[in-house]
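Chain residues, written in single-letter form:
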Amino acid sequence: MKKQGNIVTRLIDAFRRYGYLLRQLVSRDFKSKYKRSVLGVLWSFLNPLLTMLVQYIVFSTLFKSDIPNYPLYLLTGIVCFNFFSESTGMALQSITGNASLITKVYVPKYIYPLSRVLSSGINLLMSLIPLLLVMLLTWTPVRPAILLLPIGLICLVGFCLGIGLILSTMMVFFRDTQFLWGVVSLLWMYATPIFYPETIIPAKFMLIYKCNPLYHIIRFIRIVLIQGVSPEPKAYALCLIASFVPLVVGAAVFKKNQDKFVLNL
Amino acid sequence: MIRAEHVSLCYRMTYDRVKSMKEYVVQLLKGKVRYEEFWALKDLSFEVRKGEVLGIVGHNGAGKSTLLKVISGILKPARGSVAVNGVVAPMLELGSGFDFDLTGRENVFLNGAILGFSEQFLKGKYEEIVEFSELGQFIDVPLRNYSSGMVARLAFSVATVVRPDILIVDEVLSVGDADFQEKSKKRMLELMGGGTTVLFVSHSLEQVRAMCDRVLWLEHGEMKMLGEAQRVCDAYQLGEGGE
């Protein structure tokens, strides 16, 4: 009990000291992302919508009949996976990209991957607007279950942060990670039901298929949005595990190696 | 205030920096992953009292900057320990936290946050920072359009706005034009007079003599001499002449 209190007070203390820095870094990431682009922040809305449109045109004849409300199904998948690939891709570069800072000023190093994931998180929140729009356009009833959406989103952010911590650590020691990750995340996209129904997966692979944490998180979000009901208790548990385990592993890997970062930058 | 005990630090240098997995495996198979150990700091022990100004002198590569990095917490010593009491304001390289796409104003807050200042503090001191930097209307222009002197002036203004417990200064007094140098020197002296502990690295012995109480002379990572400023500076100058 005592130890837990310690962690909590330490977290609060760290937040008071570095919360402002975190906000500054997040707003910098966000500002520089759309710097010098004409449409600017609008891209946060347009990007998922246009991706959905393309994939809808391509895949609707293939899978449409199997999936009720295919546009919404597609868009939730795209929004979640976009966040996953953007946040992990940015977190990957967070330590090596801030090398000039890390070698000159002492700041807890987890700030860098965390700020990257959070600034993609803002993007995620903004892409909820087109999501809601599509919900209304497809006449999907908005039910109280939508209030459960934050649980799914927080799990998603936690999962991505965990992966981001691992990737940023790997990147310091092996610069090949960035190219490897491009391939792995492509594979990951096909291993996740984004544009296809999960029923096309052969039953014998289902067990492996369900090891994918993103599968559980996206499933949770879809049940909440499309069916408008609360998922079964098991789905909550799986969703939390899918988020918590990678986060703890990522934090441990990062913590163990962070003192060696400076010597390898 | 600062107590260093048997501090040693080792850089591991590979002959060819192995930066990719493929390279690493290839080198490993060839049995070629060799490291050369380079001890940048060897068994340093010293203490700095509150309010003291400690100068650090030594040739290039003697370990001065490495020592400052260890004290400010950026590097962890391989052996030994450093205990520091109080808020450290490192001025290792001015403006290292600047983003050149953002304006001067945005950078004041970003860099201030990186140096560990709070939001209210920065808002309160903002006018003072801008005034000291003499940037005037340029404060709302992106940094990429600044001259290097302007960047340095802004950085110095942000870094010294606070009165830290410990100030670490690495060759930053040569910032800006003559007027600004005079001004920044005055600001430094002000800070030093106000009970701030200062670690001061400079190649200008004149500055060291003028500002420091005690001087630490490093050579190849080892402590060659530690003592009263004039005495160490004299010895250092003699040693330099002798080599």
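What counts and what doesn't
Residue positions are given per chain, counted from 1 along the sequence in the order it is written. Chain A is the first chain written and ligand 1 is the first ligand written, with later ones labelled in order. Note on the predicted model: pLDDT of at least 70 is required for a residue's local features to be given, and 80 or more for side-chain atom pairs to be given and counted; whole-chain, interface and lining totals, by contrast, use all residues. Water and hydrogen atoms play no part in the side-chain values, which are based on all heavy atoms of the structure. Under the DSSP-based scheme used, a helix requires at least four consecutive residues in state H or I and a strand at least two consecutive residues in state E, with every element numbered from the N terminus. When we talk radius of gyration, it's over C-alpha atoms, and the globule rule is simply 2.2 Å times the number of residues to the 0.38. To sort residues, take the accessible area from a 1.4 Å probe on protein chains only and compare it with the maximum for the residue type: under 20% means buried, over 50% means exposed, and anything in between is partly exposed. We call two residues in contact when some of their heavy atoms are within 4.5 Å. As a working definition, buried area equals the accessible area (1.4 Å probe) given up by two parts on being put together, with both sides summed. Here, a salt bridge means any side-chain nitrogen of Lys or Arg that lies within 4 Å of a carboxyl oxygen of Asp or Glu. Nonpolar side chains (Val, Leu, Ile, Met, Phe, Trp, Tyr) are joined into patches within 5 Å and like charges within 9 Å, using only residues with over 30% relative accessible area and no salt bridge. Areas reported here follow the Shrake-Rupley algorithm with a probe of radius 1.4 Å; residue values treat only the protein chains shown as occluding. Between the first and last residue of a helix there are one fewer steps than residues, each counted as 1.5 Å, and that sum is the expected span. In this description, a disulfide is simply a cysteine sulfur pair whose atoms lie within 2.5 Å. All axes here are fitted lines through C-alpha atoms, helices being fitted over the stretch that makes contact, and every angle between N-to-C directions spans 0 to 180 degrees. An angle counts as roughly parallel when it lies under 35 degrees, as roughly antiparallel when it exceeds 145, as roughly perpendicular when it falls between 65 and 115, and as oblique in every other case. Left-handed describes a crossing whose near helix is turned anticlockwise from the far helix through less than a right angle; right-handed describes the clockwise counterpart. Pairing of aromatic rings covers Phe, Tyr and the six-membered ring of Trp, with a centre-to-centre limit of 6.5 Å; geometry is then stacked below 30 degrees between planes, edge-to-face above 60, and tilted otherwise. Our definition puts a charge over a ring when NZ of Lys or CZ of Arg is within 6 Å of the ring centre and also within 35 degrees of the ring normal. In this description, a nonpolar core means a group of buried Ala, Val, Leu, Ile, Met, Phe, Trp, Tyr and Cys residues linked to one another through side-chain atoms lying within 4.5 Å. Known as pLDDT, the predictor's confidence for each residue is given on a scale from 0 to 100. In this scheme, strands are said to pair when DSSP sees at least two bridges between them.

Structural notes on the overall build of chain A
Piece 1. Per the secondary structure count, chain A includes 13 helices and zero strands.
Piece 2. Listing the helices and strands of chain A from first to last along the sequence gives α-α-α-α-α-α-α-α-α-α-α-α-α.
Piece 3. A compact globule built from 265 residues should have a C-alpha radius of gyration of about 18 Å, and chain A, at 19 Å, falls within 12% of that.
Piece 4. Buried residues in chain A amount to 50% of all 265 residues.

Points about the interface of chain A and chain B
Piece 1. Contacts between chain A and chain B engage 28 residues on the former and 32 residues on the latter.
Piece 2. Here chain A and chain B share an interface that buries about 2700 Å² over both sides, 61% of which is from carbon and sulfur atoms.
Piece 3. Summed over the three residues of chain A that lose the most area to chain B, namely Tyr20, Lys104 and Phe174 of chain A, the buried surface amounts to 23% of that side.
Piece 4. Inspection of the region where chain A meets chain B yields four salt bridges.

Notes on a nonpolar patch on the surface
Piece 1. On the surface, a nonpolar cluster with roughly 870 Å² of combined accessible area is contributed by Val38, Leu39, Leu42, Trp43, Leu50, Leu53, Val54, Ile57 and Val58 of chain A.
Piece 2. The topology assignment puts valine 54 of chain A in helix α2 (residues 42–63).

A short note on helix α3 (residues 70–92) of chain A
Piece 1. A rise of 1.5 Å per residue sets the reference length of α3 of chain A, with its 23 residues, at 33 Å; its end C-alpha atoms lie 32 Å apart and thus fit the reference within 8%.
Piece 2. Where burial is concerned, most of α3 of chain A is hidden: 18 out of the 23 residues are buried.

Some thoughts on the state of the cysteines
Piece 1. With the rule as written, the count across this model stands at zero disulfides over all chains.
Piece 2. Left unpaired, cysteine 211 of chain A is separated from the closest cysteine sulfur, that of cysteine 239 of chain A, by 16 Å.
Piece 3. A relative accessible area of 61% means that cysteine 211 of chain A is categorised as exposed.
Piece 4. Summary of cysteine pairing: cysteine 212 of chain B is not part of a disulfide, and the nearest cysteine sulfur, belonging to cysteine 233 of chain B, is at 7.3 Å.

Some points on the pattern of salt bridges
Pairs may arise between side chains of opposite charge once their charged atoms sit close together.
Piece 1. Per the counting criterion, the structure on display carries 18 salt bridges over all chains.
Piece 2. Where aspartate 101 of chain B meets arginine 144 of chain B, a salt bridge forms, and the shortest distance between an N and an O atom there is 3.0 Å. Remark: arginine 144 of chain B occurs in the loop between α4 (119–133) and α5 (148–159) and aspartate 101 of chain B occurs in the loop between β5 (88–91) and α3 (104–114); sequence separation between them is 43 residues.
Piece 3. Connected through shared salt-bridge partners, Arg23 of chain A together with Glu119 and Lys123 of chain B make up one network.

Focus: the packing of α2 of chain A against α3 of chain A
Residue and element names in this part refer to chain A.
Piece 1. In the contact formed by α2 and α3, the axes pass within 9 Å of each other and the chain directions differ by 130 degrees. Considering the angle they form, α2 stands oblique to α3. Seen from above, α2 lies across α3 with right-handed handedness. Counting all contacts with α2, which are made through Pro48, Thr51, Met52, Gln55, Tyr56, Phe59, Ser60 and Phe63, the residues of α3 involved are Tyr70, Pro71, Leu74, Leu75, Ile78, Val79 and Asn82.

Some words on the packing of aromatic side chains
Piece 1. Considering all chains together, one arrives at 21 aromatic pairs over all chains under this definition.
Piece 2. Measuring from ring centre to ring centre gives 6.3 Å for tyrosine 190 of chain A and phenylalanine 195 of chain A, while their planes differ by 85 degrees; the resulting arrangement is edge-to-face.
Piece 3. Put simply, the rings of Phe81, Phe84, Phe159, Trp181 and Trp188 of chain A pair up and form one aromatic cluster.
Piece 4. If you follow lysine 224 of chain B out to its NZ or CZ, it ends over the ring of tryptophan 217 of chain B, 5.4 Å from the centre.

Observations regarding the environment of alanine 235 of chain A
Residues and elements named next belong to chain A.
Piece 1. Secondary-structure assignment places alanine 235 in helix α12 (residues 233–257).
Piece 2. A relative accessible area of 6% places alanine 235 in the buried class.
Piece 3. The contact partners of alanine 235, leaving out residues within four places of it in the chain, are Arg219 and Phe220.

A word on the nonpolar core
Piece 1. Counting residues in each nonpolar core, the largest one holds 121 residues, and the members touching the most others are Phe84 and Phe195 of chain A together with Leu67 of chain B.
Piece 2. Per-element accounting of this core gives the leading share, 13 residues, to α3 of chain A.
Piece 3. When sequence neighbours within four positions are dropped, the list of residues in contact with phenylalanine 195 of chain A reads Gln55, Phe59, Phe63, Tyr70, Leu74, Met189 and Tyr190 of chain A.
Piece 4. Judged by nonpolar contacts, the second largest core, of 23 residues, contains Val57, Phe132, Val215 and Ala229 of chain B.

Description of the confidence of the model for chain A
Piece 1. Mean pLDDT over chain A: 88, with 97% of residues reaching 70 or higher.
Piece 2. Put simply, helix α1 (residues 2–33) of chain A is where chain A has its lowest mean pLDDT, 79, and helix α8 (residues 149–173) of chain A is where it has its highest, 95.

Digging into the pairing of strand β3 (residues 53–57) of chain B
Residues and elements named next belong to chain B.
Piece 1. Counted residue by residue, β3 has five buried out of five residues, so it is predominantly covered.
Piece 2. Residue alternation in β3 divides its side chains into two sets, Val53, Gly55 and Val57 and Leu54 and Ile56, and both sets are buried.
Piece 3. As defined by bridge partners, β3 adjoins strand β7 (residues 197–201) across four bridges and the pair is classed as parallel. Within β7, the position partnered with glycine 55 by the bridge is phenylalanine 200.
Piece 4. With four bridges joining them, β3 and strand β8 (residues 214–219) adopt parallel strand pairing. In the sheet register, leucine 54 faces β8, and the bridge partner there is arginine 214.

Comments concerning α3 of chain B
Residues and elements named next belong to chain B.
Piece 1. Taking burial as the measure, the 11 residues of α3 include nine buried ones, the bulk of the element.
Piece 2. Considered for burial, the residues of α3 that qualify are Gly104, Asn107, Val108, Phe109, Leu110, Asn111, Gly112, Ala113 and Ile114.
Piece 3. Just downstream of α3 lies glycine 116, where phi reads positive at about 95 degrees.

Considering unusual backbone geometry
Piece 1. Its identity as a non-glycine residue notwithstanding, tryptophan 139 of chain A has a phi of 60 degrees, on the positive side.
Piece 2. Note on placement: tryptophan 139 of chain A falls in the loop between α7 (128–137) and α8.
Piece 3. Judged by relative accessible area, tryptophan 139 of chain A falls into the exposed class, the value being 76%.
Piece 4. Positioned with a positive phi, histidine 6 of chain B is a non-glycine residue whose angle comes to about 45 degrees.

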